[in-house]
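Structure assessment
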Amino acid sequence: MQSWRRKSLWLALSASWLLILLRVFPVLRLAEPARRQAGAPQGWPRWLDAELLQSFSQPGELLEDGPQPPQAPRGGSCYRGACFDASRCRGGGLKVFVYPAVGPISETPRKVLTSIEGSRYHTASAAEACLLILVLSPDTPAGECHPVLPQWDGGKNHLVLSLHPAPCLRIFQLGQAMVAEASPTMDTFRPGFDVALPLLPEAHPLRGGALGQLQQHSPLPGVALIAMAEERGGWRTVGTNFSACPWDGRCEQDHGPKQTHPRATLPNATFCLIPGRNPDALHFLQALQAGCIPVLLSPRWELPFSEVIDWTKAAVVADERLPLQVLAALQEMPLTRVLALRQQAQLVWGCTGSSLPQAPPTTTLATPSAQPSLLSQIIQDRVSGASAHPSLLWNSPPGALLALSTFSTSPSDFPFYHLQQGSRPLGRFSALIWVGALGQPPLKLIQAVAGAQHCAQILVLWSSKKPPPPRWPETAVPLTVLDGHRKASDRFLPYSAISTDAILSLDAHSSLSTSEVDFAFMVWQSFPERMVGFLTWSHFWDETQGGWGYTGERANEFSMVLTSAAFYHRYYHTLFTHSLPKALRTLADESPPCVDVLMNFLVAAVTKLPPIKVPYGPWHQEAKPPLVPGGPRLRSEPRPAAQDCINQMAAGFGHMPLVSSRLRLDPVLFKDPVSVLRKKYRSLEKP
């Protein structure tokens, strides 16, 4: 009996000490951001499981982290309304003026200046500019740190840009100017006013930038759990058989197998431990590119673009004083959460989705030419206020840079966010029929499309040399004739007459049945971000020619659908017109088959997904498909002279964006040996 009482007493004392330790050393708070707002309830870190929190928290503490209001800058009275005159931006939109470089300038700032001058925001007049940028180089002598700027006005509407630690920034009289600095320290950064940039290596290219390297949904067996950033650069990987902290020598531990990587090699691990020292900001970018989840140990620098990027979804912030707790939490993290963090890290590495050749062909977070686009978009969102990009657009693919505010600021108007919002596009489509130079009125096609169940309107884009007929057949839906400019790319202009989200792009010589149109539209409603078509092409690498080629031969694998009969979202017309370089659109006009290639490049670069093929009756292809537009039926084989356009477009994009697929979606009971009365789309199997 006395033995049982002694055991109960020891258990009670042990439980009391455990509760005291948990109170003093809160294990589950290791991922909280370092900067907190006084007086406001703090939400728990999102990457920890709610099941683990219920035993250690009060119900009121489990608030969901939400967007925080802009804070007043530290150590000053400047804020957006007082130190930035937004009225200068509302007249002609956001215009950016760049002061000439003062003194010697390094290669990376020179690349940024080149990118700004080639962007759509640039203006040569300081008087009409909304934002004036002064670039500080680390090579600028101390005696030239105070240039005479006639438009300075105390720094209002100015942005001081420093891509590398610059001595001038410490002695420069900023006044009311904003600062865009690479990896600024938390004690100098002014949240809501300054902008944090990534610390870029000097040798990073202006255009392109390596793509993310996450290829697996989950780590392969044998892949190290943790990689530790080395002080001299490079990484040291640690196996899974360890019991303590790889960065604290005071712990008793078994590191397991170690491997040191050279500076240029990316880490091959699940988690990348990065100390909070400022130089380790370079390791941070390497971890993002490798798909390795960054674990920031008490960082002393502000994360890049923290104003718009929700880093709690892509990285872990931990307290370096709690090594055992940090490692235990990383080991017990659910695989679903690991996958979500790795995917978000790859999205952020892709510069929130900017992979179109606007200024750079392929833009990543570590591309110098990406910084002006992101800066300009952040400033434009500040000016727009209520109409700025929501957090969903910044932190979901394809990213805010590809969700143009000139089109809409509502996520429901874009084709990318229906899944997150649990919605579907509206159940109607507009048929856009392009009539080329030698085309005839597509009377039979109009009747077939007008009979479709979900057709809202028919638009005939007349680009023929012949005048359009005075009378058109009567249809159950409105029919409008638009005047084209005899260019193949005319069909992808953002016409205001298009009243629906879905567009059915057709050629005058296309041949489709009403059932084929109905089924294809039903498929598109489930995949509104993709192209859904009937005839396909596939691309391939030609070893003999040392370049890309594409073919229309029937095969199981394909990567493009022809726009002579395809469904897609109308937003791609806006991207095609306003985001693609004029040189690529001109190339497509000179060789009409290249229009299909360019449109497929665009959609694949934005979505990182292949198109979808739907059944197309063989009775439509009685005649051999022509090589160029203008002949009978749908074209399916590219013209030999147009083969080289795929290489020119791949060079313009900086990489090959097309994604191959073998998926074809058929109706239920398609070609099954059952009664035709049980089938919804009976005419698809017409003999």
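Residue positions are given per chain, counting from 1 as you read along its sequence in written order. Totals for whole chains, interfaces and linings use every residue, but because this is a predicted model, local features are given only for residues with pLDDT of at least 70 and side-chain atom pairs only at 80 or more, for both listing and counting. No hydrogens and no water enter the side-chain calculation; it runs on all heavy atoms of the structure.

For the record, the criterion: UniProt positions are given in the numbering used here, feature names are shortened, and annotations may be inferred rather than shown by experiment.
Labelled according to an unreviewed UniProt entry, the protein appears under the name Exostosin-like 1, originating from Bison bison bison. Comment text from UniProt for the protein, heading Sequence similarities (unreviewed entry), reads "Belongs to the glycosyltransferase 47 family." UniProt, in its Function (unreviewed entry) section for the protein, records the words "Glycosyltransferase required for the biosynthesis of heparan-sulfate (HS). Transfers N-acetyl-alpha-D-glucosamine to the nascent HS chain (GlcNAcT-II activity). Appears to lack GlcNAcT I and GlcAT-II activities."

1. Notes on the pattern of salt bridges
This is how it is decided: For this document, the term salt bridge refers to a Lys or Arg side-chain nitrogen within 4 Å of an Asp or Glu carboxyl oxygen. Between buried and exposed lies partly exposed: a residue is buried under 20% and exposed over 50% of the maximum accessible area for its type, with that area taken using a 1.4 Å probe on protein chains only.
In total, this model carries seven salt bridges according to the counting rule given. D666 serves as the salt-bridge partner of R664, at 2.9 Å between the closest nitrogen and oxygen. Classification of D666 as partly exposed rests on a relative accessible area of 32%.

2. Describing empty space enclosed by the protein
Filter applied, for reference: Every definition here rests on a 1 Å grid over the protein atoms only: cavities are sets of points where a 1.4 Å probe fits but cannot get out, pockets are open sets enclosed by protein on both sides within 12 Å along at least five of seven lines, and lining residues have some atom within 4 Å of a point. Grid points are joined across faces, edges and corners, and a volume is the space filled by probe spheres set on the points. Residue polarity follows a fixed list, in which Ala, Val, Leu, Ile, Met, Phe, Trp, Tyr, Cys and Pro are nonpolar, Asp, Glu, Lys and Arg are charged, and the others, Gly among them, are polar.
Applying the stated criterion across every chain, the model contains five cavities of 30 Å³ or more. Here the largest cavity is characterised by a volume of approximately 60 Å³. Taken together, R530, M531, S559, N600, V603, A604, L609, P610, P611 and L658 make up the lining of the largest cavity. Of the residues contributing to the lining of the largest cavity, the split by class is seven nonpolar, two polar and one charged.

3. Observations concerning the nonpolar core
Here is the rule we go by: Residues belong to one nonpolar core when they are buried, are Ala, Val, Leu, Ile, Met, Phe, Trp, Tyr or Cys, and are joined through side-chain atoms within 4.5 Å. We call two residues in contact when some of their heavy atoms are within 4.5 Å.
In this structure, F429, V449, I458, F567, V597 and F601 are the most contacted members of the largest nonpolar core, which totals 88 residues. When neighbours within four sequence positions are excluded, F567 is seen to be in contact with F429, I503, L504, V517, A520, F521, W524, R530, M531 and V532. Ranked by size, the runner-up nonpolar core spans 62 residues in total, among them C89, M178, F193 and A281.

4. A word on the pairing of strand β9 (residues 269-275)
Spelled out, the test is: Strands here are runs of E lasting at least two residues and helices are runs of H or I lasting at least four, both read from the DSSP assignment and numbered beginning at the N terminus. Two strands pair under a simple rule: DSSP has to find at least two bridges between them.
Among the seven residues of β9, seven are classified as buried, and the element is accordingly described as predominantly covered. Where strand β6 (residues 224-229) meets β9, four bridges bridge the pair, whose relative direction is parallel. Within the sheet, the bridge partner assigned to M228 lies in β9 and is L273. In this structure, β9 lies alongside strand β10 (residues 293-297), joined through five bridges in parallel fashion. Note on β10: the bridge partner recorded for P275 is L297.

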